[in-house]
Amino acid sequence: MASPTASASAATGVASRFRRWFLPGFVFQSVVVAGGYGTGRELVEFFLSQGPMGGLLAIGVTTLVFSAVCMASFEFARIHQAFDYRHFFQRLLGRAWILFELGYVVLLMIVLAVIAAASGTILLETFGLPYWVGVVVVMAAVGGLVFGGSEVVERFLAGWSFLLYGLYVVFFVWCFQAFGSEIGRMLPSEPAGTGWAWAGLRYAGYNLAVIPAVLITVRTHRSRSDSLVAGALAGPLAILPGLLFYLSMVGQYPVILDRPVPANHILEVLGSRAFQVAFQVVLFGTLVETGAGLIHAVNERMAGLMTDRHAELPRWVRPTVALGFLLLGTLLSRFGLIDLIAAGYGTLTLVMIAVFVVPILTVGVWKIRTHP
(Lines give C-alpha, C1' and ligand atoms only; values in the text may rest on other atoms or scores of the structure.)
Protein backbone atom coordinates (compact mmCIF):
# COMPACT_ATOMS: atom_id res chain seq x y z
CA MET A 1 0.00 0.00 0.00
CA ALA A 2 1.42 3.38 -1.02
CA SER A 3 2.20 5.80 1.76
CA PRO A 4 0.32 9.15 1.97
CA THR A 5 3.58 10.91 1.16
CA ALA A 6 4.12 8.82 -1.98
CA SER A 7 0.51 9.37 -3.10
CA ALA A 8 0.79 13.10 -2.57
CA SER A 9 4.08 13.15 -4.48
CA ALA A 10 2.53 11.24 -7.40
CA ALA A 11 -0.46 13.60 -7.50
CA THR A 12 1.88 16.58 -7.48
CA GLY A 13 3.84 15.06 -10.37
CA VAL A 14 0.70 14.53 -12.44
CA ALA A 15 -0.43 18.10 -11.77
CA SER A 16 3.01 19.40 -12.71
CA ARG A 17 3.04 17.47 -15.99
CA PHE A 18 -0.45 18.67 -16.84
CA ARG A 19 0.58 22.26 -16.21
CA ARG A 20 3.74 21.93 -18.29
CA TRP A 21 2.49 19.77 -21.17
CA PHE A 22 -1.26 20.25 -21.52
CA LEU A 23 -2.10 23.66 -20.03
CA PRO A 24 -0.44 25.67 -22.85
CA GLY A 25 -2.51 23.77 -25.43
CA PHE A 26 -5.76 24.26 -23.54
CA VAL A 27 -5.09 27.98 -23.07
CA PHE A 28 -4.15 28.26 -26.76
CA GLN A 29 -7.43 26.58 -27.69
CA SER A 30 -9.34 28.90 -25.36
CA VAL A 31 -7.94 32.02 -26.99
CA VAL A 32 -8.30 30.65 -30.54
CA VAL A 33 -11.87 29.42 -30.29
CA ALA A 34 -13.92 32.62 -30.52
CA GLY A 35 -11.94 34.11 -33.38
CA GLY A 36 -11.24 30.69 -34.93
CA TYR A 37 -14.43 28.62 -34.92
CA GLY A 38 -16.79 29.68 -32.13
CA THR A 39 -19.64 30.70 -34.42
CA GLY A 40 -18.66 28.38 -37.29
CA ARG A 41 -18.45 31.29 -39.72
CA GLU A 42 -14.65 31.11 -39.75
CA LEU A 43 -14.74 27.40 -40.62
CA VAL A 44 -17.00 28.21 -43.56
CA GLU A 45 -14.79 31.06 -44.78
CA PHE A 46 -11.49 29.14 -44.69
CA PHE A 47 -12.38 25.43 -44.87
CA LEU A 48 -15.86 24.55 -46.09
CA SER A 49 -15.47 27.02 -48.95
CA GLN A 50 -12.85 24.55 -50.30
CA GLY A 51 -15.46 21.79 -50.44
CA PRO A 52 -16.05 19.17 -47.70
CA MET A 53 -12.94 17.07 -48.41
CA GLY A 54 -10.75 20.05 -49.29
CA GLY A 55 -11.67 21.66 -45.98
CA LEU A 56 -10.74 18.49 -44.09
CA LEU A 57 -7.30 18.48 -45.72
CA ALA A 58 -6.90 22.18 -44.89
CA ILE A 59 -7.62 21.42 -41.23
CA GLY A 60 -4.78 18.88 -41.34
CA VAL A 61 -2.41 21.57 -42.66
CA THR A 62 -3.53 23.98 -39.94
CA THR A 63 -2.90 21.40 -37.21
CA LEU A 64 0.66 20.75 -38.41
CA VAL A 65 1.44 24.47 -38.65
CA PHE A 66 -0.06 25.10 -35.20
CA SER A 67 2.13 22.44 -33.62
CA ALA A 68 5.33 23.45 -35.43
CA VAL A 69 5.00 27.13 -34.54
CA CYS A 70 3.99 26.40 -30.94
CA MET A 71 6.98 24.09 -30.44
CA ALA A 72 9.40 26.71 -31.73
CA SER A 73 7.66 29.58 -29.90
CA PHE A 74 7.48 27.86 -26.52
CA GLU A 75 11.14 26.86 -26.60
CA PHE A 76 12.20 30.31 -27.87
CA ALA A 77 10.28 31.95 -25.02
CA ARG A 78 11.77 29.54 -22.46
CA ILE A 79 15.43 29.95 -23.36
CA HIS A 80 15.11 33.74 -23.60
CA GLN A 81 12.72 34.05 -20.63
CA ALA A 82 10.53 36.16 -22.93
CA PHE A 83 6.96 35.68 -21.71
CA ASP A 84 5.37 38.81 -23.17
CA TYR A 85 5.29 39.66 -26.85
CA ARG A 86 7.51 42.74 -26.55
CA HIS A 87 10.46 40.76 -25.18
CA PHE A 88 9.67 37.79 -27.42
CA PHE A 89 9.69 39.70 -30.69
CA GLN A 90 12.58 41.96 -29.75
CA ARG A 91 14.69 38.81 -29.50
CA LEU A 92 13.19 37.32 -32.66
CA LEU A 93 12.98 40.34 -34.98
CA GLY A 94 15.25 42.95 -33.38
CA ARG A 95 14.13 46.49 -34.14
CA ALA A 96 11.49 45.21 -36.53
CA TRP A 97 9.50 43.79 -33.58
CA ILE A 98 7.16 46.77 -33.76
CA LEU A 99 5.72 45.32 -37.00
CA PHE A 100 4.22 42.47 -35.01
CA GLU A 101 2.77 44.84 -32.43
CA LEU A 102 1.06 46.91 -35.13
CA GLY A 103 -0.44 43.78 -36.69
CA TYR A 104 -1.42 42.41 -33.29
CA VAL A 105 -3.25 45.57 -32.25
CA VAL A 106 -5.20 45.65 -35.52
CA LEU A 107 -6.02 41.94 -35.17
CA LEU A 108 -7.10 42.51 -31.57
CA MET A 109 -9.57 45.20 -32.61
CA ILE A 110 -10.99 43.02 -35.40
CA VAL A 111 -11.34 39.99 -33.12
CA LEU A 112 -13.06 42.14 -30.48
CA ALA A 113 -15.39 43.43 -33.19
CA VAL A 114 -16.12 39.83 -34.27
CA ILE A 115 -16.78 38.90 -30.62
CA ALA A 116 -19.14 41.84 -30.19
CA ALA A 117 -20.97 41.16 -33.47
CA ALA A 118 -21.26 37.43 -32.69
CA SER A 119 -22.58 38.11 -29.20
CA GLY A 120 -25.17 40.55 -30.49
CA THR A 121 -26.29 38.09 -33.19
CA ILE A 122 -26.41 35.14 -30.77
CA LEU A 123 -28.61 36.92 -28.21
CA LEU A 124 -30.82 38.29 -30.98
CA GLU A 125 -31.34 34.92 -32.71
CA THR A 126 -31.51 32.80 -29.55
CA PHE A 127 -33.34 34.98 -27.03
CA GLY A 128 -34.81 37.76 -29.14
CA LEU A 129 -32.89 40.43 -27.23
CA PRO A 130 -31.76 43.64 -28.95
CA TYR A 131 -28.44 43.30 -30.80
CA TRP A 132 -26.66 45.90 -28.65
CA VAL A 133 -27.54 44.08 -25.42
CA GLY A 134 -25.27 41.20 -26.46
CA VAL A 135 -22.51 43.60 -27.45
CA VAL A 136 -22.57 45.44 -24.12
CA VAL A 137 -22.81 42.29 -21.99
CA VAL A 138 -19.86 40.50 -23.62
CA MET A 139 -17.65 43.58 -23.52
CA ALA A 140 -18.42 44.14 -19.83
CA ALA A 141 -17.59 40.49 -19.07
CA VAL A 142 -14.27 40.72 -20.95
CA GLY A 143 -13.31 43.86 -19.03
CA GLY A 144 -14.15 42.25 -15.69
CA LEU A 145 -12.06 39.16 -16.43
CA VAL A 146 -9.04 41.21 -17.55
CA PHE A 147 -9.19 43.21 -14.34
CA GLY A 148 -8.75 39.96 -12.37
CA GLY A 149 -5.13 39.59 -13.53
CA SER A 150 -2.97 36.72 -14.82
CA GLU A 151 -4.02 33.98 -12.42
CA VAL A 152 -7.74 34.60 -12.86
CA VAL A 153 -7.41 34.74 -16.67
CA GLU A 154 -5.32 31.55 -16.80
CA ARG A 155 -7.73 29.58 -14.59
CA PHE A 156 -10.78 30.72 -16.53
CA LEU A 157 -9.21 29.88 -19.88
CA ALA A 158 -8.22 26.37 -18.79
CA GLY A 159 -11.46 25.61 -16.94
CA TRP A 160 -13.74 26.77 -19.73
CA SER A 161 -11.80 24.62 -22.21
CA PHE A 162 -12.93 21.43 -20.45
CA LEU A 163 -16.53 22.61 -20.53
CA LEU A 164 -16.21 23.46 -24.22
CA TYR A 165 -14.69 20.06 -25.06
CA GLY A 166 -17.54 18.24 -23.34
CA LEU A 167 -20.16 20.32 -25.12
CA TYR A 168 -18.59 19.82 -28.56
CA VAL A 169 -18.41 16.05 -28.07
CA VAL A 170 -22.14 15.96 -27.19
CA PHE A 171 -22.85 18.28 -30.11
CA PHE A 172 -20.98 16.10 -32.62
CA VAL A 173 -22.49 12.81 -31.36
CA TRP A 174 -25.96 14.31 -31.62
CA CYS A 175 -25.29 15.66 -35.13
CA PHE A 176 -23.86 12.30 -36.22
CA GLN A 177 -26.97 10.53 -34.98
CA ALA A 178 -29.27 13.09 -36.61
CA PHE A 179 -27.64 13.40 -40.05
CA GLY A 180 -24.55 11.20 -40.02
CA SER A 181 -25.51 9.69 -43.36
CA GLU A 182 -25.46 13.17 -44.90
CA ILE A 183 -21.98 13.79 -43.47
CA GLY A 184 -20.72 10.57 -45.02
CA ARG A 185 -22.41 11.37 -48.33
CA MET A 186 -21.17 14.97 -48.58
CA LEU A 187 -17.49 14.42 -47.68
CA PRO A 188 -16.56 12.76 -51.02
CA SER A 189 -19.19 14.70 -53.02
CA GLU A 190 -16.68 17.20 -54.47
CA PRO A 191 -12.99 16.92 -55.43
CA ALA A 192 -10.56 18.54 -53.00
CA GLY A 193 -9.12 20.92 -55.58
CA THR A 194 -5.80 22.73 -55.16
CA GLY A 195 -6.51 25.60 -52.74
CA TRP A 196 -6.82 23.65 -49.49
CA ALA A 197 -3.13 23.87 -48.49
CA TRP A 198 -3.09 27.66 -48.78
CA ALA A 199 -6.44 27.87 -46.97
CA GLY A 200 -5.04 25.85 -44.07
CA LEU A 201 -1.92 28.02 -43.89
CA ARG A 202 -3.96 31.24 -44.01
CA TYR A 203 -6.22 30.06 -41.22
CA ALA A 204 -3.20 29.13 -39.09
CA GLY A 205 -1.54 32.45 -39.89
CA TYR A 206 -4.01 34.76 -38.23
CA ASN A 207 -4.85 32.40 -35.35
CA LEU A 208 -1.20 32.00 -34.38
CA ALA A 209 -1.11 35.70 -33.57
CA VAL A 210 -2.76 34.79 -30.25
CA ILE A 211 0.34 32.92 -29.03
CA PRO A 212 1.49 35.94 -26.95
CA ALA A 213 -1.57 35.32 -24.76
CA VAL A 214 -0.30 31.75 -24.17
CA LEU A 215 3.28 32.59 -23.21
CA ILE A 216 2.34 33.10 -19.54
CA THR A 217 1.89 29.30 -19.30
CA VAL A 218 5.45 28.60 -20.50
CA ARG A 219 6.99 30.00 -17.31
CA THR A 220 6.71 26.54 -15.73
CA HIS A 221 8.74 24.76 -18.43
CA ARG A 222 11.93 23.22 -17.08
CA SER A 223 13.56 21.85 -20.22
CA ARG A 224 13.45 21.73 -24.00
CA SER A 225 11.40 18.53 -23.86
CA ASP A 226 8.67 20.38 -21.92
CA SER A 227 8.42 23.01 -24.65
CA LEU A 228 8.45 20.50 -27.51
CA VAL A 229 5.86 18.19 -25.96
CA ALA A 230 3.57 21.10 -25.04
CA GLY A 231 3.93 22.63 -28.51
CA ALA A 232 3.26 19.33 -30.30
CA LEU A 233 0.10 18.79 -28.24
CA ALA A 234 -1.10 22.37 -28.70
CA GLY A 235 -2.02 21.89 -32.37
CA PRO A 236 -4.38 18.91 -31.92
CA LEU A 237 -5.81 20.30 -28.65
CA ALA A 238 -6.64 23.61 -30.32
CA ILE A 239 -8.22 22.24 -33.49
CA LEU A 240 -10.10 19.16 -32.23
CA PRO A 241 -13.31 21.00 -31.21
CA GLY A 242 -13.17 22.86 -34.54
CA LEU A 243 -12.82 19.55 -36.40
CA LEU A 244 -15.90 18.14 -34.65
CA PHE A 245 -17.81 21.32 -35.49
CA TYR A 246 -16.65 21.18 -39.10
CA LEU A 247 -17.81 17.60 -39.58
CA SER A 248 -21.18 18.56 -38.13
CA MET A 249 -21.48 21.41 -40.64
CA VAL A 250 -20.62 19.11 -43.55
CA GLY A 251 -23.99 17.44 -42.97
CA GLN A 252 -25.70 20.75 -43.80
CA TYR A 253 -23.55 21.59 -46.84
CA PRO A 254 -24.09 23.67 -49.02
CA VAL A 255 -27.06 25.45 -47.31
CA ILE A 256 -24.90 26.43 -44.35
CA LEU A 257 -22.45 28.47 -46.46
CA ASP A 258 -24.62 31.60 -46.32
CA ARG A 259 -25.52 31.50 -42.61
CA PRO A 260 -23.98 34.34 -40.50
CA VAL A 261 -23.85 32.06 -37.42
CA PRO A 262 -23.72 28.44 -38.68
CA ALA A 263 -23.90 27.14 -35.10
CA ASN A 264 -27.40 28.56 -34.74
CA HIS A 265 -28.53 26.90 -37.98
CA ILE A 266 -27.38 23.44 -36.83
CA LEU A 267 -28.93 23.89 -33.40
CA GLU A 268 -32.24 24.80 -35.03
CA VAL A 269 -32.03 21.65 -37.18
CA LEU A 270 -31.42 19.53 -34.06
CA GLY A 271 -34.56 21.06 -32.60
CA SER A 272 -33.68 21.13 -28.89
CA ARG A 273 -34.32 24.50 -27.30
CA ALA A 274 -32.60 23.48 -24.04
CA PHE A 275 -29.40 22.36 -25.79
CA GLN A 276 -29.45 25.45 -27.99
CA VAL A 277 -29.50 27.68 -24.90
CA ALA A 278 -26.74 25.63 -23.20
CA PHE A 279 -24.57 25.74 -26.34
CA GLN A 280 -24.98 29.49 -26.72
CA VAL A 281 -24.15 30.11 -23.05
CA VAL A 282 -20.90 28.16 -23.41
CA LEU A 283 -20.17 29.86 -26.73
CA PHE A 284 -20.75 33.23 -25.07
CA GLY A 285 -18.14 32.26 -22.48
CA THR A 286 -15.64 31.41 -25.23
CA LEU A 287 -16.13 34.87 -26.70
CA VAL A 288 -15.35 36.36 -23.29
CA GLU A 289 -12.21 34.26 -22.76
CA THR A 290 -10.79 35.05 -26.20
CA GLY A 291 -11.25 38.78 -25.75
CA ALA A 292 -9.79 38.66 -22.25
CA GLY A 293 -6.77 36.60 -23.33
CA LEU A 294 -5.86 38.94 -26.18
CA ILE A 295 -6.20 42.10 -24.09
CA HIS A 296 -4.29 40.46 -21.23
CA ALA A 297 -1.33 39.95 -23.59
CA VAL A 298 -1.18 43.72 -24.16
CA ASN A 299 -1.24 44.36 -20.41
CA GLU A 300 1.55 41.81 -19.89
CA ARG A 301 3.60 43.59 -22.56
CA MET A 302 3.26 46.88 -20.63
CA ALA A 303 3.98 45.17 -17.31
CA GLY A 304 7.18 43.74 -18.83
CA LEU A 305 8.22 47.21 -19.95
CA MET A 306 7.69 48.59 -16.44
CA THR A 307 9.69 45.71 -14.96
CA ASP A 308 12.61 46.58 -17.26
CA ARG A 309 12.43 50.09 -15.80
CA HIS A 310 12.37 48.68 -12.24
CA ALA A 311 8.84 49.94 -11.71
CA GLU A 312 5.40 48.41 -11.30
CA LEU A 313 2.43 48.79 -13.63
CA PRO A 314 -0.21 50.96 -11.90
CA ARG A 315 -3.45 49.07 -11.19
CA TRP A 316 -5.56 51.57 -13.12
CA VAL A 317 -3.72 50.85 -16.40
CA ARG A 318 -5.12 47.34 -16.96
CA PRO A 319 -8.83 48.28 -16.86
CA THR A 320 -8.14 51.46 -18.83
CA VAL A 321 -6.43 49.56 -21.65
CA ALA A 322 -9.23 46.99 -21.65
CA LEU A 323 -11.90 49.69 -21.81
CA GLY A 324 -10.18 51.48 -24.70
CA PHE A 325 -9.91 48.34 -26.85
CA LEU A 326 -13.43 47.24 -25.97
CA LEU A 327 -14.87 50.56 -27.10
CA LEU A 328 -12.99 50.40 -30.40
CA GLY A 329 -14.11 46.82 -30.95
CA THR A 330 -17.70 47.79 -30.23
CA LEU A 331 -17.59 50.55 -32.83
CA LEU A 332 -16.14 48.21 -35.45
CA SER A 333 -18.78 45.54 -34.78
CA ARG A 334 -21.37 47.52 -36.73
CA PHE A 335 -19.78 46.26 -39.99
CA GLY A 336 -21.28 42.81 -39.39
CA LEU A 337 -19.90 39.34 -38.74
CA ILE A 338 -19.51 38.09 -42.31
CA ASP A 339 -17.75 41.21 -43.62
CA LEU A 340 -15.41 41.41 -40.63
CA ILE A 341 -14.24 37.82 -41.03
CA ALA A 342 -13.99 37.88 -44.82
CA ALA A 343 -12.15 41.20 -45.14
CA GLY A 344 -10.30 41.68 -41.84
CA TYR A 345 -8.86 38.21 -41.31
CA GLY A 346 -7.85 37.79 -44.94
CA THR A 347 -5.53 40.80 -44.92
CA LEU A 348 -4.01 40.22 -41.49
CA THR A 349 -3.23 36.61 -42.29
CA LEU A 350 -0.51 37.64 -44.74
CA VAL A 351 0.97 40.07 -42.21
CA MET A 352 1.16 37.46 -39.45
CA ILE A 353 2.71 34.87 -41.74
CA ALA A 354 5.38 37.39 -42.76
CA VAL A 355 6.25 38.78 -39.31
CA PHE A 356 5.73 35.69 -37.15
CA VAL A 357 5.25 32.29 -38.80
CA VAL A 358 8.15 32.52 -41.25
CA PRO A 359 10.62 34.21 -38.81
CA ILE A 360 9.98 31.79 -35.91
CA LEU A 361 10.36 28.74 -38.16
CA THR A 362 13.60 30.05 -39.69
CA VAL A 363 15.45 32.65 -37.59
CA GLY A 364 13.77 31.43 -34.40
CA VAL A 365 14.76 27.78 -34.93
CA TRP A 366 18.31 28.83 -35.82
CA LYS A 367 18.58 30.89 -32.61
CA ILE A 368 17.24 27.96 -30.58
CA ARG A 369 19.82 25.59 -32.09
CA THR A 370 22.71 27.99 -31.54
CA HIS A 371 21.69 29.14 -28.05
CA PRO A 372 24.34 28.14 -25.48
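As a reminder, the structure under discussion sits directly above these lines.
Reading guide: rules and limits
Residues numbered from 1 in each chain as written. Predicted model: local features only at pLDDT ≥ 70, side-chain atom pairs only at ≥ 80, totals over all residues. Heavy atoms only, no water. Helix = DSSP H or I, 4+ residues; strand = E, 2+ residues; numbered from the N terminus. Rg over C-alpha atoms; globule rule 2.2 N^0.38 Å. Contact = heavy atoms within 4.5 Å. Areas by Shrake-Rupley, 256 points an atom, 1.4 Å probe, with all protein chains shown as cover. Lys, Arg positive; Asp, Glu negative; His and termini not counted. Charge placed at Lys NZ, Arg CZ, Asp CG, Glu CD. Core = buried A, V, L, I, M, F, W, Y, C linked by side-chain atoms within 4.5 Å. Buried < 20%, exposed > 50% of the residue type's maximum accessible area, 1.4 Å probe, protein only. Phe/Tyr/Trp six-rings, centres within 6.5 Å; stacked < 30°, edge-to-face > 60°. Expected span 1.5 Å × (residues − 1). Salt bridge = Lys/Arg side-chain N within 4 Å of Asp/Glu carboxyl O.

Caption draft 1: View of the overall build of the protein. When helices and strands are counted, the protein shows 13 helices and zero strands. N-terminal to C-terminal, the α/β element order of the protein is α-α-α-α-α-α-α-α-α-α-α-α-α. The C-alpha radius of gyration computed for the protein amounts to 20 Å, which stays within 12% of the reference 21 Å derived for 372 residues, consistent with globular compactness. Seen through its C-alpha atoms, the protein measures out along the principal axes to roughly 55 × 50 × 50 Å. When contacts within the protein are restricted to residue pairs at least 6 apart in sequence, those whose partners lie at least 24 apart make up 84%. Summed over all atoms, the accessible surface of the protein reaches about 14,800 Å², with 68% contributed by carbon and sulfur. Where the 23 positive side-chain charges of the protein centre and where its 18 negative ones centre are 9 Å apart.

Caption draft 2: The arrangement of the nonpolar core in detail. Grouped together as the largest cluster of nonpolar side chains are 121 residues, with contacts concentrated most on F28, F88 and L208. No other element matches helix α5 (residues 97–127), which puts 15 residues into this core. Apart from the residues within four sequence positions on either side, L208 is in contact with F28, V65, F66, V69, F356 and V357.

Caption draft 3: Inspection of the packing of aromatic side chains at higher detail. By the definition in use, this model includes 28 aromatic pairs. A network of ring pairs unites the aromatic residues F76, Y85, F88, F89, F100, Y104 and F356 as a single cluster.

Caption draft 4: Fine view of unusual backbone geometry. Here Y253 and P254 are connected by a cis peptide whose omega angle stands at 5°. Tracing the backbone shows P254 in the loop between α9 (224–250) and α10 (262–270). With phi around 50°, Q81 is a residue other than glycine that occupies positive phi space. In this structure, Q81 sits in the loop between α3 (52–80) and α4 (85–93). Residue classification places Q81 among the exposed residues on the basis of a relative accessible area of 54%.

Caption draft 5: Molecular detail of helix α11 (residues 273–308). Taking 1.5 Å of rise per residue, the 36 residues of α11 would be expected to cover 52 Å, and the 53 Å separating its terminal C-alpha atoms lies within 8% of that figure. Among the 36 residues of α11, 26 are classified as buried, and the element is accordingly described as predominantly covered. H310 sits one or two residues past α11 and shows a positive phi near 60°.

Caption draft 6: Seen up close, the pattern of salt bridges. Tallying each qualifying case throughout the model produces eight salt bridges. Residues R185 and E182 are paired through a salt bridge, measuring 2.7 Å at the closest nitrogen-oxygen approach. Of the two residues, R185 and E182 both sit in helix α7 (residues 150–186), three residues apart, roughly one turn of that helix. Note on E182: relative accessible area 29%, which makes it partly exposed.

Caption draft 7: Inspection of the environment of F83 at higher detail. Here F83 is to be found in the loop between α3 and α4. Taking the relative accessible area as the measure of exposure, F83 reaches 10% and is therefore buried. Each C-alpha atom of the pair F83 and V218 lies 7.3 Å from the other, and the pair is 135 residues apart in sequence. Every residue in contact with F83, bar those within four places of it in the chain, is listed here: A77, R78, L215, I216, V218 and R219.

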